[in-house]
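# Residue-level structure breakdown
The chain contents come next:
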Amino acid sequence: MDEYDPQELEARWRERWAEEGRYEADPAEADEDPTFITVPYPYPSGGMHIGHARTYTVPDVYARYRRQRGDNVLFPIAWHVTGTPIIGAVERLKKGEEEQLSVLRDTYNVAEDTLQDLETPMGYARHFIEDHYKKGMKDLGLSIDWRREFTTNDDRYSKFVTWQYETLRDRGRLEKGLHPVKYCTNEEQPVTTHDLLEGEEAEFQEYTLIRFGHGDTVVPMATLRPETVRGVTNAYIDPDADYVIADVDDEEWFVSAPAVEKLQLQGHEVVPKRTVSGEHLVGERVANPITGDEVLVLPADFVDAENATGVVMSVPAHSPDDYVALREAKEDDERMREYGIDPADVDAIEPVPILSIEGYGEIPAETAVEEAGIESSADPDLEAATKELYNSEFHRGKLNDEYGEFAGEVVEDVRGRFKDAYRDEGAFGTMQEFSEEVVCRCGGDVVVAEQDTWFLRYNDEDWKQLAHDAVAEMEAIPENTRGEYDHTIDWLNEWPCIRNYGLGTRLPWDEDFVIEPLSDSTIYMAYYTIAHRLAEIPVEDLDREFFDALFYGPDAVDDPDERALELRSEWLYWYPVSYRFSANDLISNHLTFYLFHHAELFDPDQWPEGIVIMGMGLLEGEKMSSSKGHVVLPGNAIEEYGADTVRFFLLNSAEPWQDYDWRAEQVASVRNQLERFWNRVRDVVDEPGPEERPDLDTADRWLLSRLQRTVAKVTDAMEGSETRTASQAAFYDFEEDLRWYRRRTDLTRPAARWTLREVAETRLRLLAPFVPFLANELHERLTGTPAEDAPWPEVEAALLDREIEVAETQIERLVEDVQGIQQSLENADEDVPEADPDRIRITVAADWKHDVFGAVADVGADQGAVMGEVMQDPDLRERGDAVNDLVGELIEFARGREDADLDALAALDEAGAYERAADFLGREFDAEVVVEKEGDDVEARKQAVPFRPAIELEAE
């Protein structure tokens, strides 16, 4: 028997697949149904790690499954290079940044003499495409049609994107105007989620600027709670930070230095006049524009000059943060004097309540702080107390009488109108900020900017409705993600779709701009269907009319290009996308854009049929990080364990939409389990048994019945992309059945050899999508045909035998019960001879007890109904309480079991099942086995119940 050598085995199959062009898919004349599977194309700004391996292996498993079901499957891949991350990586490399060099050398093993090849954007991209992603995908055995690969920087692909955006513009889905965007201050251009190093989940927040005054100077303070303006008692500033006195829209303003650029980017005319420290304003008083009150400005280290305007107002009656900060300021006389502030002036500051809320005192912040036992601003509970009070006041707080027309209204209902009223009067302004810090991949700070830009009109109600219709028509896996698409569609507004520079397609009507990464990757799945054939057509021929004819047919243009119409037939053959496998975090952008654009550009027949969501990966319990070197490269893992092991662990550790954790110890265990499986099947290959089916024993028929259940379970799981459930059932769960079978029967019997051959052949076909190298090799040795060329197993109804299955379950349970009794006796303080019995007496429940179980099986788990049924039998009625007690016990036994199992149990000759297994039981325990039934000649004290016989161990 040859040993399991995955590296040698897998190399042979890779070479064979490549020579055969095994996974090159073309439209078929036969009855094969087309299945089109896609996954987000990689962005090669770095190497492929084990998390990427799972992303691409999950759809490969489904692709292989559909091929075995007889489908003609297309599974393509391409490379996304649009945007600036690759350019940024190249710039950091050329500058010799140590962190970038460390990632390249130490994490991705880029040779020193290769680094210079990476000093152009496409040189950099090509290295990681060829030496990492493509090699890794081939090593993993991904069944990709490599003829169709392209990059988003290819001329022909750019022509396709040009067609898309000219079409969207002409349909009114693009518009130019001012719009808030994420703006990199380093690159000096808009960026989107894929360009970010930190703050991917950050949201735009519109602050209200309260225009406090200091003489003729405006001191704007940003707040998300403008209605609290009447409760402002003081302000805070960082005395050591840099601030600027500047002309802003022809007014003099006092703001932090970082705010200057933000205000400029948000449409303000800003001319800095001079820079001062924050101490310049400490101890001064500023006028509240609503109340006219002058409030004192205090020094505070907690003020972040990078946020908004760098000066913050304090509302201690309604902010636990402010309440504690004011209390601490009153206790720090020395610091106040240091800044020339009279401590008495600070001590005189008292909270001013502006609303009432049930459950809190007159000063709600005081209540919140005292109930939480908060002693200082360093208390970690302060943040939670603040959030809880903010939330309560928003939903239940009613404004006091001094609010005039707004008095008595709940904050939630009045905030917007209150803000608008005072903005119209000139007391308030607005400023955009992010909900958290945002950093570009280039290392630059990202701020909110108002840009005159082209944007996609995702806020158009009719376009939103089309997208909702697409969601309703598609299959969402798992189903609970469907609402996330609808939610994203509802909140999406205009989306800026251009950049000032970067790789990608130029905006057709203004080539100073590039279409940004998320916007050029919405319908590229359609391009896959014809990518390999477009190479035959000159780039200059790929104009608007060509693609109109291709996607909309001969009537769409006056003189359709015959080449386009020929390609149209291939597009229509493959489209729509059957399933797109993608990450959960892309629902909020890419996947929803994918639905928007398909719904607008194509007919419903071409809309996506299904989306399968995938979870994230951990490495030894921690988030993977390329920059920190905390990754596993697929090549290293495959070299150590083999591709089948890597695949099987990634697929078996969690369902696709669940997060998984790569742990080396567990991966090694999978490698050992696959080797044991190899050896078991090789044993069958060496001794396959008779070709014709011999007479089968009970154990054989039980195993074959269990095999049919496994086929059904695996098939059902694969239909729902539940790869973990499928692989568990085909491998681990059935291994338990085989373990019992080996224990139960003589494996040298011809019928046993035939049964093991049948089982091995079927399981190899079930496992072929998961471990294709191993499964193909063993199946070919066993049958002459690779597993992937054999049809997917079907359930053979004739081999299903539920009665044999439930009988065998009883035998297993009986063995466990006997072992349990033995263990108890062995644990006794004294030596108990019965722990090693000479005889095992099994007493089966009397017939009348089985009659009661029959009633339970017929009626169900309703004690009253069962009693009504059994009491019609005079013999049972005479037994009174004994029947009642038994019914309760049997209902508990039956609860949760399938009706078919209950029917099989009701029909089972329990005593006969034990008698047929008596020889096995005797061998198992080296004892005589006696099976008897409760009756006149058997003592009633044994108290057997159906399927739980009384057991006695006897020693002579």
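Just so it is clear, the model here is predicted, and its values are computed rather than measured. (Residues numbered from 1 in each chain as written. Predicted model: local features only at pLDDT ≥ 70, side-chain atom pairs only at ≥ 80, totals over all residues. Heavy atoms only, no water.)

Each helix and strand in the protein was counted, giving 35 helices and 31 strands. The contacts in the protein between residues at least 6 apart in sequence include a share of 77% that link residues at least 24 apart. Looking at the protein, you have 94 positive and 213 negative side-chain charges, and the mean spots of the two groups are 4 Å apart. (Helix = DSSP H or I, 4+ residues; strand = E, 2+ residues; numbered from the N terminus. Contact = heavy atoms within 4.5 Å. Lys, Arg positive; Asp, Glu negative; His and termini not counted. Charge placed at Lys NZ, Arg CZ, Asp CG, Glu CD.)

For strand S3 (residues 174-184) and strand S19 (residues 446-456), the ladder comprises eleven bridges, and the chain directions are antiparallel. Note on S19: the bridge partner recorded for Glu 175 is Phe 455. With three bridges joining them, S3 and strand S4 (residues 189-191) adopt antiparallel strand pairing. When the sheet's bridge partners are listed, Lys 182 is paired in S4 with Val 191. (Pairing = 2+ DSSP bridges.)

Pro 478 follows Ile 477 through a cis peptide bond whose omega is -5°. Positionally, Pro 478 belongs in the loop between strand S20 (475-477) and helix H15 (482-491). Residues Tyr 575 and Pro 576 are joined by a peptide bond in cis, for which omega reads 5°. Mapping Pro 576 onto the fold places it in the loop between helix H19 (562-574) and strand S24 (579-583). For Ser 721, which is not glycine, the phi torsion reads 60° and is therefore positive. Assessed through its relative accessible area of 2%, Ser 721 is described here as buried. (Buried < 20%, exposed > 50% of the residue type's maximum accessible area, 1.4 Å probe, protein only.)

Working definition: the strands of a sheet are paired by backbone hydrogen bonds and lie parallel or antiparallel to each other. Read across the open sheet, the three strands follow the order S27-S26-S28; overall the sheet is mixed. Each having just a single partner strand, strand S27 (622-623) and strand S28 (660-662) make up the two edges of the open sheet. Across two bridges, strand S26 (residues 617-619) lies against S27 in antiparallel orientation. Each residue of the ladder has a partner; that of Leu 618, found in S27, is Lys 623.

Below, the discussion takes up the nonpolar core. If you look at the biggest cluster of nonpolar residues, it comprises 131 residues, and the most contacted ones within it are Ile 50, Met 137, Phe 581, Phe 648, Trp 662, Leu 774 and Leu 921. With near-sequence residues (within four places) excluded, Met 137 lies in contact with Pro 42, Met 48, Tyr 56, Ile 77, Trp 79, Leu 142, Ile 144 and Trp 146. Core analysis: the second largest hydrophobic core is formed by 69 residues, Trp 454, Ile 498, Ala 564 and Trp 574 among them. (Core = buried A, V, L, I, M, F, W, Y, C linked by side-chain atoms within 4.5 Å.)

Overall, the coordinates contain 80 salt bridges when judged by the stated rule. Residue Glu 112 is joined to Arg 105 by a salt bridge in which the shortest nitrogen-to-oxygen separation is 3.1 Å. You can call Glu 112 exposed: its relative accessible area is 52%. Here Asp 301 makes a salt bridge to Arg 335, at a shortest N to O gap of 3.0 Å. In this pair, Asp 301 sits in the loop between strand S13 (294-299) and strand S14 (311-314) while Arg 335 sits in helix H9 (residues 333-338), placing the two residues 34 residues apart along the sequence. (Salt bridge = Lys/Arg side-chain N within 4 Å of Asp/Glu carboxyl O.)

What follows concerns helix H6 (residues 155-170). The first and last C-alpha atoms of H6 sit 23 Å apart over 16 residues, in line with the 22 Å expected at 1.5 Å per residue. Along H6, the positions that sit buried rather than exposed are Tyr 157, Ser 158, Phe 160, Val 161, Thr 162, Trp 163, Gln 164, Tyr 165, Glu 166, Thr 167 and Leu 168. The positive-phi residue at the C-terminal boundary of H6 is Gly 172, with phi of around 80°. (Expected span 1.5 Å × (residues − 1).)

A word on the sheet that holds strand S31 (residues 950-954). Spatially, S30-S29-S31 is the arrangement adopted by the three strands of the open sheet, whose pairing is mixed. Two strands lie at the open edges of the sheet, namely strand S30 (928-933) and S31, each paired on one side alone. In this sheet, neighbouring strand axes are inclined to one another by 20° on average, regardless of whether the strands run parallel or antiparallel. Looking at chain direction, strand S29 (residues 839-844) and S31 are connected through five bridges and run antiparallel. Within the sheet, the bridge partner assigned to Ile 840 lies in S31 and is Leu 953. (Axes fitted to C-alpha atoms, helices over the stretch in contact; angles between N-to-C directions.)

Turning next to the packing of aromatic side chains. All told, the structure shown has 59 aromatic pairs when counted by the stated rule. Taking the ring centre of Trp 17 as reference, the NZ or CZ of Arg 64 above it sits at 4.9 Å. We note Arg 230 situated over the ring of Tyr 403; from NZ or CZ to the ring centre the distance is 5.6 Å. (Phe/Tyr/Trp six-rings, centres within 6.5 Å; stacked < 30°, edge-to-face > 60°. Lys NZ or Arg CZ within 6 Å of the ring centre and 35° of its normal.)

Right, let's talk about the side chain of Arg 415 for a bit. Secondary-structure assignment places Arg 415 in helix H13 (residues 411-425). Side-chain polar atoms of Arg 415 contact the side chain of Glu 227, separated by 2.9 Å. Among residues more than four places away in sequence, those in contact with Arg 415 are Leu 224, Arg 225, Pro 226, Glu 227 and Phe 394. (Polar contact = N/O pair within 3.5 Å; in protein donor to acceptor, adjacent residues only side chain to side chain.)

The next point concerns the environment of Ala 472. As for its placement among the helices and strands, Ala 472 is situated in helix H14 (residues 461-473). By relative accessible area, Ala 472 is classed as exposed at 58%. Sequence spacing of Ala 472 and Tyr 485 is 13 residues, and the spatial spacing of their C-alpha atoms is 9.9 Å.

So, on to a negative patch on the surface. Together, Glu 188, Glu 198, Glu 200, Glu 201, Glu 203, Glu 261, Asp 304, Glu 306, Glu 436, Glu 437, Asp 445 and Asp 585 give the surface a local cluster of negative charge. Tracing the chain through its elements places Glu 203 in the loop between strand S5 (196-198) and strand S6 (204-214). Judged by relative accessible area, Glu 203 falls into the exposed class, the value being 55%. (Patch = residues over 30% accessible without salt bridge, like charges linked within 9 Å, V, L, I, M, F, W, Y side chains within 5 Å. Areas by Shrake-Rupley, 256 points an atom, 1.4 Å probe, with all protein chains shown as cover.)

What follows is about the pairing of S6. Two strands pair when backbone bridges link them, and S6 and strand S17 (residues 428-434) are joined in this way by seven bridges, in the antiparallel orientation. Across the sheet, the residue bridging to Phe 204 is Phe 434, located in S17. Looking at chain direction, S6 and strand S7 (residues 217-223) are connected through seven bridges and run antiparallel. Its bridge partner lying in S7, Ile 210 is registered against Met 221. Where S6 folds back onto S7 in an antiparallel hairpin, the turn is made up of two residues, including Gly 215, whose phi is positive at roughly 65°.

Take the environment of Arg 337 next. Inspection of the secondary structure assignment puts Arg 337 in helix H9. When the C-alpha atoms of Arg 337 and Leu 766 are compared, they prove to be 80 Å apart, with 429 residues separating the residues in sequence.

Note that Ser 721 resides in the loop between helix H24 (698-719) and helix H25 (723-744). With residues up to four places along the chain from it excluded, the contact list for Ser 721 reads Tyr 62, Ile 477, Phe 581, Val 612, Glu 655, Pro 656 and Trp 657.

Below, the discussion takes up the state of the cysteines. Inspection of the entire model under this criterion finds zero disulfides. With no disulfide of its own, Cys 497 lies 18 Å from the sulfur of Cys 440, the closest cysteine sulfur. Cys 497 gets classed as buried once you look at its relative accessible area, which sits at 0%. (Disulfide = S-S within 2.5 Å.)

This part covers the packing of helix H26 (residues 750-767) against helix H27 (residues 772-783). For the pair H26 and H27, interaxial distance at closest approach is 9 Å and the crossing angle is 145°. Between H26 and H27 the crossing geometry is left-handed. Across the interface between the two elements, Arg 757, Ala 760, Glu 761, Leu 764, Arg 765 and Leu 767 from H26 touch Leu 774, Ala 775, Leu 778, His 779, Leu 782 and Thr 783 from H27. (Left-handed = near helix turned anticlockwise from the far one by under 90°.)

Moving on: H26. For H26, which comprises 18 residues, the first-to-last C-alpha distance of 26 Å matches the rise-based estimate of 26 Å (1.5 Å per residue) to within 8%. Most of H26 sits inside the fold, with 15 of its 18 residues counted as buried.

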